[in-house]
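Notes for the structure review
Okay, here's what each chain looks like letter by letter:
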Protein chains: 2
Amino acid sequence: MTPSVEQTAADTIKALSMDAVQAANSGHPGMPMGMADLAVVLWGQFIRLDPGQPAWPDRDRFVLSNGHGSMLLYSLLHLMGYPLSLEEIANFRQWGFPTAGHPERELPLGIETTTGPLGQGFGNGVGMAMAEAHLRAVFGPELVDHYTYGFVSDGDLMEGVASEAASLAGHLGLGKLIYIYDDNEISIEGSTGLAFSEDVPARFDAYGWHTVSIDGHDRQAIAEAIREAQSVTDRPTLIAARTHIGHGAPTVQDTADAHGKPLGDEELARTKELMGWELPPFTVPDAAYQFFAQARERGAAAHREWDVRRRQVFDDDPARAELWKAYWNPVAVKVDPLGFEVGASVATRKASGAVINQVAVSMPSLIGGSADLAPSTNTIIDGAGDFAADRPGGRNLRFGVREHAMGAVVNGMVLHGGLRAYGATFLTFSDYMRPSVRLAALMEIPSIWVWTHDSVFLGEDGPTHQPVEHLASLRAMPNMWVLRPGDATETAEAWELVLNRRQGPSAIILTRQGVPVLDRSGAEGLVARGGYVLRPGDDVVLIATGSELHVALGAAELLAPLSVRVVSMPCVEAFLAQDESYRSEVLGVGLPRASIEAAATFGWDRIVGDGGLTIGIDHFGASAPATVLAEQYGFTPEAVASAVSGWLEPSN
Amino acid sequence: MTPSVEQTAADTIKALSMDAVQAANSGHPGMPMGMADLAVVLWGQFIRLDPGQPAWPDRDRFVLSNGHGSMLLYSLLHLMGYPLSLEEIANFRQWGFPTAGHPERELPLGIETTTGPLGQGFGNGVGMAMAEAHLRAVFGPELVDHYTYGFVSDGDLMEGVASEAASLAGHLGLGKLIYIYDDNEISIEGSTGLAFSEDVPARFDAYGWHTVSIDGHDRQAIAEAIREAQSVTDRPTLIAARTHIGHGAPTVQDTADAHGKPLGDEELARTKELMGWELPPFTVPDAAYQFFAQARERGAAAHREWDVRRRQVFDDDPARAELWKAYWNPVAVKVDPLGFEVGASVATRKASGAVINQVAVSMPSLIGGSADLAPSTNTIIDGAGDFAADRPGGRNLRFGVREHAMGAVVNGMVLHGGLRAYGATFLTFSDYMRPSVRLAALMEIPSIWVWTHDSVFLGEDGPTHQPVEHLASLRAMPNMWVLRPGDATETAEAWELVLNRRQGPSAIILTRQGVPVLDRSGAEGLVARGGYVLRPGDDVVLIATGSELHVALGAAELLAPLSVRVVSMPCVEAFLAQDESYRSEVLGVGLPRASIEAAATFGWDRIVGDGGLTIGIDHFGASAPATVLAEQYGFTPEAVASAVSGWLEPSN
């Protein structure tokens, strides 16, 4: 019996996956083998992609949340005609090749997001579907109308971030989100029965999803389930597909051994024999290429039709064409001064709220929200409405108490394209979303995090809510920019810097408490350099960030007749990126230096150098009013001046 | 009509909570008012505590997961007779008082765990219930047989960590875990309808919980629901109690305004008027004390009966008495050398597995597991069985892919007492559990984290799995000890150090790849000092950790005739805790220093000083075999030697 082309396509995925993992001598063959039937149906019959123009805005999005099954994706992308060669597949997991152990975002290759850390892709897909729903509301379905498909695993569904994102997706009724759950009952330690016995479809029903359970190797049932999912437009769909991990392997199918290691030469040979597969390794039969050629042509045709529609729409409605440009080809952002009076006490979170509302007017693609702390983080865009199931055009995102989903969703919205998204919570709760923050840094995407209540000076809520180590821990992360502006005017400049940064995530770190608006005449625009001289002086250099900047200025006055320089350093990363001469000019050469930051001193030695003083807080805080904490922890101008003079003249 | 004593007790909680928040001018009155009825029923009729002896091992555990409602707990503890005075309540959220904004673990006061960061208490309670089930299996119900009760909020249930823990608790059939869900439909941003519309009881049914829904102000229904929960012994119970936040406040009840700020004088006065409450602020009517006196006596009587039973059991069965001591009064732990041959290639994760199995024999209280990575983290205790619903005596915990719940559960087990628990995953996924790690540090409890695959040298899995910034980010955390042993013998010493540390959490950071067993004769035991001279030398000092230690030794040989000192620094925190003279002796005075660690260099400046060299990886890694990465990133002995000599003689 001749196998169907669909069968050949599935077998090709299995063969390539087995071959690549075997050649690399590491990787995960079981998942691609188990999901090959699902993949050929989804990609063969449904998905709309145009590999010739991978960035087509209205393409369907595909997320492989179970990223360890990367060979499934690479196989699909190669067969579909993306520029990912068999040679690259044969060099799976090798230095210099794009076929990494886990998929790394590379849009020209069709890789929409970086996955591997479980649950993140699940959350990204929710963000992509939210972006689609929002842009559809803004531009109409003639311009934006696509699905977000995802493959998810037991592991994804066990992760809290996926639970949070699933609850949010159900709440928002994301009808164009369709996930296929690889229910293979196997995880690394063995049967999922070891740790996972919940009723997954019932859980998703409770979240407000549409669910359907099928045999994941019955390709007719798969197609029907996807059609059914498409027909349900007011809820996301989870297709629970019962599959066999390592499908077709005679001895390791349905075992944990199929999960994360090569099959071995013998098992591989036997599997191919049972499949009737006689081609050499890394060989693709023409029938498989032909099968995917029709899928590719379906997507290309859809893209052509979309181009026609778009031209028509733009011709009929030039305003919409302009708006489209504002979303998809953004210009540089300029933040105007906020107009607070010098000396006024303004929490930087309040200044930030003013920036958001100023920028939101001219930047319609700005969208974001908070994890149930909007009144505290000052992140509401006034008059822009809430994003809700029946009003996805709203620009205020209500994440609920779901920081981690917020991180993954913001990343997903940014990855989708067209939007500039931010997520907000208290700085201490950045820990809850850290895996998503890291992925934004790894992907070099410009997600924006607004983290307020940025030190022990949030006061009475106490040490559970008071960040101490967070600034250091975030500064240690590659590609991450941490901005801690010292007053309202620095806050405006910090936002401008962040909004124009495209190659990585940025965090804007803001005070709860009021801090004086400083006289920064002559220093306008210098936040962009990361650090700058705010007050000249030649005897000693005080380097401060955020709410400690005005304290340093106060201490400098008290230290007269010493000539005290005060350096504001709102962004250490940006400062270190300056050339050596600028840095020396700012920090001085041979001058004693002290850093002042109400946080762990870890990392400040590289700025103050040997013999430098690091004034910080290397312990957890306490529940008390901020002014009391400032006294107790030595963060008044008097205490800082005293610490500095004691350090300069230890004999006194 | 005279109010019932139960009503008076509830009103007292409300009045104290309103008064304290008003006096502090910050805090959360709404929750204590909304949950007062639930609290008086649970504490009045059911809970078994002995405030005179707060550490009674078989007491019921009570977790206030929605810790922002701390005044509810403080009120209960005061009324119950714990040493928490009205003066301390009147100084809610003030410096020097134990009545912090969020409850901070203080067993003598009856505060079992620190809560506030949402979802953590939920997970702690699951850990406590697991500890109880395990110890009950070990010692029998005559010695261990208590409930774990918890109050949880919408916010808790939105957090992923709670979802993970709930799924695990259902899987493990924790019949003595009873949570009361404060279903008040209000969160900080407004109605929960903004972001949270899932069917919570249906979700918990899907997890395998018993659920019951009641009116949270109907005290008879509350009592019936708790009795029903107790009667269900094979599943945890969630009592969904529909409550009114700010119950009784005439204008703010059922609004977000009741959540997180004082009622204000007028609303407070009106509320008391409506309650018929005529006492001055911070005054407790005798009836309320009497009400709680019977609850206190019930607990004390239970404790007396338990003492009798225990004496009987120990008399009848001296072996059980000995075993009890081993769990509850542990002696210092000694780890014997592992016996690997010098020069053999042994991954430190493997050495760690050997330690765990060695120690587990003499230390029955050691219990732990991994988030679905046990075969990779080498954390199985051989022959000790899995902890499962029908076999809670097993010591291998199967967390599933739930790192965050693992963190909160391990903390809960440690908080319960009697057990020494560890949780394991890859170092990069420590990010997923970071909020729990932080709470262990804040609580100063000795949770143990085993984090393997500790650098880019895990190889092919690629940058999603390769930690870079994690060591620095963890070292920045107060009270946290980070141990990165350099070979099998250091691993044994590191474990010994950790097992004997009681005042904070420790992380054991381990390699995936083999590293040579070093000749450490003469340096035995020195891991305890954090850093020590492994190879003497007088020209230059190379400081290395973990898998870079043998690389440094290799480089030292290549750098001959230079006299190169190699310092091993497996625990920076322990080293910095040594006295100045020891530190100078190890690092030398006036010698050039270079650090070598395959991770972010952030933080190493404080060790190497001005002009020092920090060899590290300040970017994300790549998917490739470890040996290739070592070449590419300069972590071979040759590359290190070349970097060091280039740095020492820049003119060459």
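Since the structure is predicted, the reported quantities are computational estimates derived from the model, not experimental observations.

Some points on the interface of chain A and chain B
Counting residues at the interface gives 97 residues for chain A, matched by 97 residues for chain B. Both sides together, the interface formed by chain A and chain B hides about 8000 Å², and carbon and sulfur atoms give 59% of it. Three residues, Trp95(A), Arg438(A) and Phe602(A), lead the burial of chain A against chain B; their summed loss comes to 11% of the area buried on that side. Viewed at the interface, chain B and chain A are joined by eight salt bridges. Along the contact surface separating chain A from chain B lie 53 residue pairs in polar contact (both at pLDDT 80 or more). Taken together, the residues of the side of chain A that touches chain B sort by class into 41 nonpolar, 32 polar and 24 charged.

Quick word on the relation of the copies chain A and chain B
In summary, the two copies of the chain are related to each other by a rotation about an axis coupled with a shift along it. With an RMSD of 0.0 Å, chain A superimposes on chain B once it is rotated by 180° and translated 0.0 Å along the axis. With respect to symmetry, the two chain copies, as superposed, fit the operation of a two-fold axis. Looking at the interface residues of chain A, 100% of them are also at the interface in chain B, so both copies use one shared face.

Comments concerning the layout of surface pockets
Of the volumes computed, that of the largest pocket is approximately 1200 Å³. Forming the walls of the largest pocket are 50 residues, and the residues nearest its centre are Asp605(A), Arg606(A), Asp605(B), Arg606(B) and Gly609(B). Elements that contribute at least two residues to the lining of the largest pocket include exactly helix H20 (572-576) and helix H22 (605-608) of chain A together with helix H20 (572-576), helix H21 (580-587), helix H22 (605-608) and strand S20 (613-615) of chain B. Along the lines of polarity and charge, the residues of the lining of the largest pocket split into 24 nonpolar, 13 polar and 13 charged.

Points about the side chain of Asp372(B)
By the element assignment, Asp372(B) lies in the loop between strand S9 (366-370) and helix H14 (374-377). The side chain of Asp372(B) sits in the buried core without any salt bridge; Arg398(B) is the nearest counter-charge, 6.6 Å away. Of note is the side chain of Asp372(B), whose polar atom sits 3.0 Å from the backbone nitrogen of Ile188(A). At 2.9 Å, the side chain of Asp372(B) forms a polar contact with the backbone nitrogen of Glu189(A). Among residues more than four places away in sequence, those in contact with Asp372(B) are Ser187(A), Ile188(A), Glu189(A), Gly400(B) and Val401(B).

Here's the deal with the sheet that holds strand S13 (residues 481-483) of chain A
All names here are of chain A. Strand order in the open sheet formed by six strands is S10-S9-S11-S12-S14-S13, with parallel pairing between adjacent strands. This sheet does not close on itself; its edge strands, each paired only once, are strand S10 (396-398) and S13. Taking the axes of each pair of neighbouring strands and ignoring which way they run, one obtains an average angle of 20° across the sheet.

Digging into the packing of aromatic side chains
Applying the stated rule across the entire model yields 49 aromatic pairs over all chains. Between Phe122(A) and Tyr179(A) the ring centres are 4.6 Å apart and the planes differ by 70°, which places this aromatic pair in the edge-to-face class. Taken together, the residues span a long stretch of sequence, with Phe122(A) in helix H5 (residues 120-139) and Tyr179(A) in strand S3 (residues 177-183) at a distance of 57 residues. On the basis of relative accessibility, which here comes to 0%, the residue Phe122(A) falls in the buried class. Here Phe139(B) and Tyr327(B) contribute two aromatic rings whose centre-to-centre distance is 5.0 Å and whose plane-to-plane angle is 80°, an arrangement assigned as edge-to-face. Residue Phe139(B) is found in helix H5 (residues 120-139), and its partner Tyr327(B) is found in helix H12 (residues 318-328); the two are separated by 188 residues along the sequence. The pair Phe139(B) / Tyr327(B) is uniform in exposure class, with both members buried.

Quick look at the pairing of strand S7 (residues 237-242) of chain A
Residues and elements named next belong to chain A. In terms of burial, S7 is largely enclosed, as five of its six residues are buried. As judged from the six bridges shared by S3 and S7, these two strands associate in the parallel manner. Residue pairing in the sheet places Tyr179 in a bridge with Leu238 of S7. The pairing of strand S6 (residues 210-215) with S7 spans six bridges and is parallel. Of the residues in S7, the one forming a bridge with Asp215 is Arg242. Where the polypeptide runs from S6 across helix H9 (residues 219-231) and back to S7, its parallel neighbour, the crossover connection is right-handed.

Some thoughts on helix H1 (residues 5-24) of chain B
Residues and elements named next belong to chain B. Taking 1.5 Å of rise per residue, the 20 residues of H1 would be expected to cover 28 Å, and the 28 Å separating its terminal C-alpha atoms lies within 8% of that figure. Of all the 20 residues making up H1, 17 are buried; the element is thus mostly covered by neighbouring parts of the structure. Of the residues flanking the end of H1, it is Asn25, one or two places downstream, whose phi is positive at about 55°.

Structural notes on empty space enclosed by the protein
Tallying each qualifying case throughout the model produces 14 cavities of 30 Å³ or more. Volume-wise, the largest cavity comes out at about 90 Å³. For the largest cavity, the full set of lining residues is Glu159(A), Gly160(A), Val161(A), Glu164(A), His404(A), Tyr432(A), Glu159(B), Gly160(B), Val161(B), Glu164(B), His404(B) and Tyr432(B). When residues of the lining of the largest cavity are traced back to their parent elements, those giving at least two are helix H7 (160-172) of chain A together with helix H7 (160-171) of chain B. Of the residues belonging to the lining of the largest cavity, the class tally is four nonpolar, four polar and four charged. Space inside the second largest cavity adds up to approximately 70 Å³. Split by residue class, the lining of the second largest cavity holds six nonpolar, two polar and two charged.

With respect to unusual backbone geometry
Phi is mostly negative for residues that are not glycine, and the peptide bonds are mostly trans. All names here are of chain A. For the bond running from Ala560 to Pro561, omega is 10°, close enough to zero to count as cis. Residue placement: Pro561 occurs in the loop between helix H19 (549-558) and strand S18 (564-568). The backbone phi angle of Asp254 is positive, close to 65°, even though this residue is not glycine. Note on placement: Asp254 falls in the loop between S7 and helix H10 (265-275).

Things to note about the sheet that holds strand S3 (residues 177-183) of chain B
All names here are of chain B. Ordered by their spatial adjacency, five strands build an open sheet running S1-S2-S3-S7-S6, and the pairing between neighbours is parallel. With one partner strand each, in any of the chains shown, strand S1 (61-64) and strand S6 (210-215) form the two edges of the open sheet. Across the sheet, the mean angle from the axis of one strand to that of its neighbour is 20°, orientation sign disregarded. Here S1 pairs with strand S2 (residues 148-153) via four bridges, running parallel. By the bridge assignment, Phe62 is partnered in S2 with Tyr149.

Considering the nonpolar core
Counting 156 residues, the largest nonpolar core has Leu542(A) and Leu542(B) as the members making the most contacts within it. Setting aside residues no more than four positions away along its own chain, Leu542(A) makes contact with Ala552(A), Ala555(A), Ala556(A), Leu559(A), Val564(A), Arg565(A), Val566(A), Val567(A), Ala594(A), Ile596(A) and Val644(A). Listed in part, the 153 residues of the second largest apolar core include Met130(A), Ala240(A), Met443(A) and Val200(B).

Observations concerning helix H2 (residues 30-46) of chain A
All names here are of chain A. For H2, built from 17 residues, the straight-helix expectation of 24 Å at 1.5 Å per residue is met to within 8% by its first-to-last C-alpha distance of 24 Å. The sharpest bend along H2 reaches about 55° and sits at Ala36. The element H2 is extensively covered by neighbouring structure, given that 16 of its 17 residues are classed as buried.

Some words on the side chain of Ser455(B)
Structurally, Ser455(B) can be placed in the loop between strand S12 (448-452) and helix H17 (470-475). Among all residues touching Ser455(B), those that are not within four sequence positions of it are Gln466(B), Pro467(B), Arg484(B), Gln513(B), Ser547(B) and Ala598(B).

As for the packing of helix H2 (residues 30-46) of chain B against helix H11 (residues 286-316) of chain B
All names here are of chain B. For the pair H2 and H11, interaxial distance at closest approach is 7 Å and the crossing angle is 45°. Taken as axis vectors, H2 and H11 run oblique relative to one another. Together, Val40, Trp43, Gly44, Gln45 and Phe46 of H2 and Phe291, Phe292, Gln294, Ala295 and Arg298 of H11 make up the contact between the two elements. Partitioning the contact of H2 with H11 into residue classes produces six nonpolar, three polar and one charged.

Rules behind the numbers
- Residues numbered from 1 in each chain as written.
- Chains lettered and ligands numbered in written order.
- Predicted model: local features only at pLDDT ≥ 70, side-chain atom pairs only at ≥ 80, totals over all residues.
- Heavy atoms only, no water.
- Contact = heavy atoms within 4.5 Å.
- Buried area = accessible area lost by both parts, 1.4 Å probe.
- Salt bridge = Lys/Arg side-chain N within 4 Å of Asp/Glu carboxyl O.
- Polar contact = N/O pair within 3.5 Å; in protein donor to acceptor, adjacent residues only side chain to side chain.
- Nonpolar A, V, L, I, M, F, W, Y, C, P; charged D, E, K, R; others polar.
- Least-squares fit on C-alpha atoms with pLDDT ≥ 70 in both.
- 1 Å grid on protein atoms, 1.4 Å probe; cavity = no way out; pocket = protein on both sides within 12 Å on 5 of 7 lines; lining within 4 Å.
- Points joined across faces, edges and corners; volume = space filled by probe spheres on them.
- Helix = DSSP H or I, 4+ residues; strand = E, 2+ residues; numbered from the N terminus.
- Buried < 20%, exposed > 50% of the residue type's maximum accessible area, 1.4 Å probe, protein only.
- Lys, Arg positive; Asp, Glu negative; His and termini not counted.
- Pairing = 2+ DSSP bridges.
- Axes fitted to C-alpha atoms, helices over the stretch in contact; angles between N-to-C directions.
- Phe/Tyr/Trp six-rings, centres within 6.5 Å; stacked < 30°, edge-to-face > 60°.
- Right-handed = clockwise from strand over helix to strand, strands pointing away.
- Expected span 1.5 Å × (residues − 1).
- Core = buried A, V, L, I, M, F, W, Y, C linked by side-chain atoms within 4.5 Å.
- Bend = angle between axes of the 7 residues up to and from the residue.
- Parallel < 35°, antiparallel > 145°, perpendicular 65-115°, else oblique.

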